[in-house]
Amino acid sequence: MINFTHLHVHTQYSTLDGASQIPALVEKAVNDGMKALAITDHGNMFGVKEFINYIGKKNNKVIDNIKTLKFEIENLRKQENSSETEVQISELEGRIRDAEKSLFKPIVGCEVYMAPGSRHEKKKTDKPSRYHLILLAKNKTGYHNLVKLVSLGFIEGFYGKPRIDREILEKYREGLMVTSACVAGEIPRNILWDDLAAAEEVLLWYKERFGDDFYLELQRHRTNKPGAATDFFQKQQIANEQLIKLSQKHGVKVIATNDVHFVNENEAEAHDRLLCISTATDVNEVNRLRYSKQEWFKTQAEMNAVFADVPEALENTGEIVDKVELYDIDSAPIMPDFPLPEEFTDADEYLKHLTYEGANKRYGELDDTVKERIDFELDTIKKMGYPGYFLIVQDFIAAARNMGVSVGPGRGSAAGSAVAYCLRITDIDPI
């Protein structure tokens, strides 16, 4: 059996379209012996944090082992250099490489919507206002570029759905891999419209910019399930035939995917009801949106059976996995900077100055109880790195009061703060 990885997967974050819970997807992939998994939600990356975190927990034991081995290497390098030491270090490095191979890889992706022209054009035409395209991050640079593209899709290209275009895809292409998506992709659509020249032009545009990181996607959703859409498979067969020819002509590799929208085969009916909610239609309506009911997370054995005659399409999913680097998306909290008056060089001191200035107005003569409480809070705020946050909040609240904007008495944990009371962030005296 050929190793296979799912690279076209919709989670519950593809709202009212995907019905796959991330933990269930990961568990099924791991239990089936897969080495990696991609998520590619429609137009968004809402599930990425949960996805990365869950896989991180699955990898914890291996990561701890790698850290221990690296610590042992560091200790050995501190010792006097000898042939015996070098052998030990080499053995430990080999064990690290073996351990890294056993890590389950999360692949961050998105099925973006591509505008047919400029993302800024928002008008009805005879052709669709968007095409599907799969983007996968190879490394942290690719992840950052994918975040940028998805954000711009909402900010600049939104027209029914968040859309990007060729201009910004070319600008933020570094670190990304591209696959041609389902039959709603631009290349398959042109094939189905019998415009092979247009399909070829699109292919060449992507090949020129992404090279070996561009792949043609094959899907086969043959179905005999009651109430399922049967035209999917017919369209896929027509598209696949030409995609394979284009692959051979231009040296662009094919990959096998299943358009995953739910985890197990027996969840097809529940997913069908979800589509009814999404489209506000009744289950018994004849001309409503239907899927093939083949969109479950198929095992490697099932995918091998579906693509037995195109083994390279299965193998090439492994090539994509090998290109993906492991990286961390977490960062330390980023607090905003508050511009200080010239006579102050430290946000802590300026916060203290404003607090005691306000305390004199609030309390008049300050007794030891008030001073102890204020100093304790200021010290805590300093240790947590929050002076800038307090300064900014007091600044916009003061501006609101000056403009005659209604300001409430305060709420949340800050409402129990003497510093917040002295700064007039809240009007509640906790003392």
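Conventions adopted
- Residues numbered from 1 in each chain as written.
- Predicted model: local features only at pLDDT ≥ 70, side-chain atom pairs only at ≥ 80, totals over all residues.
- Heavy atoms only, no water.
- 1 Å grid on protein atoms, 1.4 Å probe; cavity = no way out; pocket = protein on both sides within 12 Å on 5 of 7 lines; lining within 4 Å.
- Points joined across faces, edges and corners; volume = space filled by probe spheres on them.
- Helix = DSSP H or I, 4+ residues; strand = E, 2+ residues; numbered from the N terminus.
- Nonpolar A, V, L, I, M, F, W, Y, C, P; charged D, E, K, R; others polar.
- Phe/Tyr/Trp six-rings, centres within 6.5 Å; stacked < 30°, edge-to-face > 60°.
- Buried < 20%, exposed > 50% of the residue type's maximum accessible area, 1.4 Å probe, protein only.
- Lys NZ or Arg CZ within 6 Å of the ring centre and 35° of its normal.
- Core = buried A, V, L, I, M, F, W, Y, C linked by side-chain atoms within 4.5 Å.
- Salt bridge = Lys/Arg side-chain N within 4 Å of Asp/Glu carboxyl O.
- Contact = heavy atoms within 4.5 Å.
- Pairing = 2+ DSSP bridges.
- Expected span 1.5 Å × (residues − 1).
- Arc of directions from axis to C-beta.

Asks: Hey, could you go over empty space enclosed by the protein for me, with residue numbers and the actual values?
Replies: This model, assessed by the stated rule, comprises 3 cavities of 30 Å³ or more. In this structure, the largest cavity spans a volume of roughly 60 Å³. What lines the largest cavity is simply Met114, Tyr131, His132, Leu133, Ser180, Glu186, Ile187, Val202, Tyr206 and Phe214. Taken together, the elements giving at least two residues each to the lining of the largest cavity come down to β3 (131-137), α7 (186-192) and α8 (196-210). Counting residues per element, the lining of the largest cavity draws most heavily on β3, which supplies 3 residues. Taken together, the residues of the lining of the largest cavity sort by class into 7 nonpolar, 2 polar and 1 charged.

Asks: Describe the packing of aromatic side chains, and please don't skip the residues or the numbers.
Replies: Two aromatic rings, taken as a pair, are described by how far apart their centres are and by the angle between their planes. Here the structure, examined in full by the defined rule, presents 13 aromatic pairs. When the centroid spacing of 6.2 Å and the interplanar angle of 25° are considered together, the rings of Phe154 and Phe158 count as stacked. Exposure remark for Phe154: the relative accessible area of 36% places this residue in the partly exposed category. Here Phe344 and Tyr350 contribute two aromatic rings whose centre-to-centre distance is 5.0 Å and whose plane-to-plane angle is 55°, an arrangement assigned as tilted. A single burial state applies to Phe344 and to Tyr350, both of which are buried. Positioned over the ring face of Tyr113 is Arg130, at 5.6 Å from the centre of the ring.

Asks: An account of the nonpolar core is requested, with residue identities and associated values reported.
Replies: Counting residues in hydrophobic clusters, the biggest one holds 61 residues, and the most contacted among them are Leu135, Leu169, Ile187, Tyr206, Phe214 and Leu216. If you tally residues by element for this core, the top one is α8, at 6 residues. Residues Leu351, Tyr356, Leu378 and Ile397 belong to the second largest nonpolar core, which totals 22 residues.

Asks: Please give an account of the pattern of salt bridges that cites residues and values.
Replies: Evaluation of the coordinates by the stated rule reveals 27 salt bridges. Linking Glu27 and Lys58 is a salt bridge whose minimum nitrogen-to-oxygen distance equals 3.1 Å. With a gap of 31 residues between them, Glu27 in helix α1 (residues 22-31) and Lys58 in helix α2 (residues 48-58) connect regions that are remote in the sequence. Glu27 sits in the partly exposed class, given a relative accessible area of 24%. Accessibility expressed as a relative area gives 36% for Lys58, which makes it partly exposed. Taken together, the shared-partner salt bridges in this structure form one network comprising Lys138, Asp213, Lys253, Glu319 and Lys323.

Asks: For the environment of Asn190, give the residues involved together with the corresponding values.
Replies: Mapped onto the fold, Asn190 is located in helix α7. Looking at Asn190, the relative accessible area reads 4%, which means it is buried. Setting aside residues up to four positions removed in sequence, Asn190 forms contacts with Lys127, Asp195, Leu196, Ala198, Ala199 and Val202.

Asks: Lay out the side chain of Arg288 in plain terms, naming residues and giving numbers.
Replies: Among the secondary structure elements, Arg288 is positioned in the loop between α10 (268-279) and α11 (300-306). Apart from residues no more than four positions distant in its own chain, Arg288 is found in contact with Asp272, Cys276, Thr281, Asp282 and Val283.

Asks: So what's going on with the pairing of β3? Which residues, and what values?
Replies: By the criterion of burial, β3 is predominantly enclosed, with 7 of the 7 residues buried. Burial along β3 is two-sided: Tyr131, Leu133, Leu135 and Ala137 facing one way and His132, Ile134 and Leu136 facing the other are all buried. Pairing between strand β2 (residues 105-114) and β3: 6 bridges, direction antiparallel. In the strand pairing of β3, Val112 is matched with Leu133. Here β3 pairs with strand β5 (residues 176-179) via 4 bridges, running antiparallel. Among the inter-strand pairings, Leu136 is bridged to a residue of β5, identified as Met177.

Asks: Can you tell me about helix α3 (residues 60-78), naming the residues and giving the values?
Replies: With 19 residues, α3 should cover 27 Å at 1.5 Å per step; its first-to-last C-alpha distance of 27 Å lies within 8% of that length. Taken residue by residue, α3 has Ile66, Leu69, Ile73 and Leu76 as its buried positions. Down the axis of α3, the smallest arc covering the buried residues is 80°, so these residues share one side. Exposed and oriented more than 90 degrees from the buried face of α3 are Lys61, Lys67, Phe71 and Lys78. Residues of α3 that are buried make contact with α4 (83-101).

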